[in-house]
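Inside the fold
The lines below spell out each chain.
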Amino acid sequence: MKFLPLGKSGLEVSRVTFGCWELGGGPWEFTSDENNIKALQAAFEMGITTFDTAEGYGSGHSEEIVGSALLGIREKCVLSTKVSRANLAPADVRRSAEASLQRLKTDYIDIYYIHWPSFDIPVSETLGEFNKLKEESLIRAIGVSNFSLEQLEEASRYAQIDVIQPEYSLLHRSIEQDLIPYCKANSIAIMSYSSIAKGILTGAFHSGKKKLDASDFRSTRRLFLPEHLKKEEELIQLLKEIADSRGKAISQIAISWLLHQEGLTTAIVGSQSIAHMKENIDAVDIELNSDELNALDSVSKKVIASIDA
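Residues numbered from 1 in each chain as written. Predicted model: local features only at pLDDT ≥ 70, side-chain atom pairs only at ≥ 80, totals over all residues. Heavy atoms only, no water.

What follows covers the overall build of the protein. When helices and strands are tallied, the protein shows eleven helices and ten strands. Taking 309 residues into account, the globule formula puts the C-alpha radius of gyration at 19 Å, and the protein, at 19 Å, falls close to it. Once the C-alpha set of the protein is aligned to its principal axes, its extents read approximately 50 × 40 × 40 Å. If you take every contact in the protein between residues at least 6 apart in sequence, the share linking residues at least 24 apart comes to 76%. Carbon together with sulfur atoms contributes 49% to the accessible area of the protein, which is approximately 13200 Å² in total. (Helix = DSSP H or I, 4+ residues; strand = E, 2+ residues; numbered from the N terminus. Rg over C-alpha atoms; globule rule 2.2 N^0.38 Å. Contact = heavy atoms within 4.5 Å. Areas by Shrake-Rupley, 256 points an atom, 1.4 Å probe, with all protein chains shown as cover.)

Spelled out as structure tokens, the structure:
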């Protein structure tokens, strides 16, 4: 595993972060708590030290599983969690933080995020409480998720923002236009989510191995619409060619591409499978050459443009 500093926070994070949304149940296919505790512990043994969850994942259940799994090794881990949009009033922020601390079985949160910007509560008020939590050593770093550049600039006036968590992958690259340059200029780390586009960049949905039923929350998402799956085939085929030439999985090439992008600090990838997490971790050591990177860049932009047309 490789590591990078998290902005100005003094923390170091693993290049792959274990995404814990699935562990809360909710819209995802679910295995079991016992399996997921083993998956978290195995990921740590394989080199992951950074784990990302939220109070909104399974109404706190994901946090509970993370806390149980990492109890004996908590000091060696970086725990990231988020306060929901409904709880951004200062008093609610504190209640949420205290509840997350209890579920995570810890006395401090390494990275505390605003999960989504508020519709009505000024960010100055929310971050005022974040700053108090930081002064009290209940949190160590402050992050924002799903913020636009304008919202990030405003937030930065009221707190030291150490990290932003946006959607970023070969099929979602809008942050390259403005957020990445701003974050680089201001020493703000980037932790990407949907790093393999909610499973599309595994190739499973283009090989016939996997189909979504109507109850799957992804079935109505833009990238999963039949006409867009068709447009994505060129990118999946290129990923497969590169993967086959290296004896790797398609998802590993997609993760490796992301880790090659200047400005990205760590990529969130989640799985309830230990075997799949091992593949995700091994992607850190894949070095793509300039021809491969250029081809992926070109085809990715072409596919995104066709979907957005």
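Next comes the rest of the write-up.
Here eight strands make up a closed barrel; going around it, the order is β3-β4-β5-β6-β7-β8-β9-β10 and the pairing parallel. Direction aside, the axes of adjacent strands within the sheet are offset by 30° on average. When strand β5 (residues 78-83) meets strand β6 (residues 109-114), the two strands line up parallel, connected through four bridges. Bridged to threonine 81 within β6 is tyrosine 112. Sheet strands in contact with helix α4 (residues 123-135) are β5, β6 and β7 (139-145), and its direction is about 155° off that of β7. (Pairing = 2+ DSSP bridges. Axes fitted to C-alpha atoms, helices over the stretch in contact; angles between N-to-C directions.)

Structural remark: α-helix, 3.6 residues per turn; residues separated by three or four positions point the same way. With 14 residues, helix α8 (residues 233-246) should cover 20 Å at 1.5 Å per step; its first-to-last C-alpha distance of 20 Å lies within 8% of that length. Of all the positions in α8, only Leu235, Ile236, Leu238, Leu239, Ile242 and Ala243 are classed as buried. Down the axis, α8 shows its buried residues gathered within 160° of arc, on one side only. Those residues of α8 that are buried are in contact with α9 (250-259) and α11 (290-308). One or two positions beyond α8, positive phi appears at glycine 247, with a value near 70°. (Expected span 1.5 Å × (residues − 1). Buried < 20%, exposed > 50% of the residue type's maximum accessible area, 1.4 Å probe, protein only. Arc of directions from axis to C-beta.)

For the rest of this paragraph, the subject is the packing of aromatic side chains. Tallying each qualifying case throughout the model produces five aromatic pairs. Note on tryptophan 21 and tyrosine 57: the rings are 5.9 Å apart at their centroids and 25° apart in plane angle, and the pair reads as stacked. Within this pair, whereas tryptophan 21 is found in the loop between β3 (16-19) and α1 (33-45), its partner tyrosine 57 is found in the loop between β4 (50-52) and α2 (61-69), the two being separated by 36 residues in sequence. For tyrosine 57, a relative accessible area of 10% gives the class buried. Between arginine 74 and the ring centre of tyrosine 108, over which it is positioned, the NZ or CZ distance is 3.9 Å. The ring of phenylalanine 119 carries arginine 85 above its face, with NZ or CZ at 3.9 Å from the centroid. (Phe/Tyr/Trp six-rings, centres within 6.5 Å; stacked < 30°, edge-to-face > 60°. Lys NZ or Arg CZ within 6 Å of the ring centre and 35° of its normal.)

Of note, alanine 254 is situated in helix α9. The sequence separation of alanine 254 and threonine 202 amounts to 52 residues, and the corresponding C-alpha distance is 8.1 Å. Those residues within four positions of alanine 254 in sequence are excluded, and the remaining contacts are Leu170, Ile196, Leu201 and Leu239.

Let us now look at the nonpolar core. Membership of the largest hydrophobic core comes to 83 residues, with the highest contact counts inside it found for Phe18, Phe51, Leu201, Leu239 and Leu296. The element contributing the most residues to this core is α9, with seven residues. Beyond its immediate sequence surroundings of up to four residues, leucine 239 is in contact with Leu170, Leu201, Ile250, Ile253, Ala254 and Leu296. (Core = buried A, V, L, I, M, F, W, Y, C linked by side-chain atoms within 4.5 Å.)

One number sums up the size of the second largest pocket: a volume of about 220 Å³. Surrounding the second largest pocket, 13 residues form its lining, Phe147, Pro166, His172, Ser174 and Ile175 being those nearest its centre. Along the lines of polarity and charge, the residues of the lining of the second largest pocket split into seven nonpolar, four polar and two charged. (1 Å grid on protein atoms, 1.4 Å probe; cavity = no way out; pocket = protein on both sides within 12 Å on 5 of 7 lines; lining within 4 Å. Points joined across faces, edges and corners; volume = space filled by probe spheres on them. Nonpolar A, V, L, I, M, F, W, Y, C, P; charged D, E, K, R; others polar.)

Time to look at the pattern of salt bridges. Inspection of the entire model under this criterion finds 20 salt bridges. A salt bridge links aspartate 162 to lysine 134; the nearest nitrogen and oxygen atoms lie 4.0 Å apart. Residue aspartate 162 is found in the loop between α5 (149-155) and β8 (163-165), and its partner lysine 134 is found in helix α4; the two are separated by 28 residues along the sequence. The shortest N-O distance in the salt bridge between lysine 301 and aspartate 297 comes to 3.5 Å. (Salt bridge = Lys/Arg side-chain N within 4 Å of Asp/Glu carboxyl O.)

So, about the pairing of β5. Buried residues dominate β5, accounting for six of its six residues. Residues of β5 alternate between two faces, with Val78, Ser80 and Lys82 on one and Leu79, Thr81 and Val83 on the opposite face, all of them buried. Where β4 and β5 come together, three bridges link them in parallel fashion. Bridge assignment links aspartate 52 to a residue of β5, and that residue is serine 80. Regarding topology, α2 serves as the crossover connection from β4 to the parallel β5, and that connection is right-handed. Taken together, β5, helix α3 (residues 90-104) and β6 constitute a β-α-β crossover, and its handedness is right-handed. (Right-handed = clockwise from strand over helix to strand, strands pointing away.)

The next thing to look at is the state of the cysteines. Counted according to the given criterion, the structure contains zero disulfides. Of the cysteine sulfurs around cysteine 77, a residue in no disulfide, the closest is that of cysteine 20, at 10 Å. (Disulfide = S-S within 2.5 Å.)

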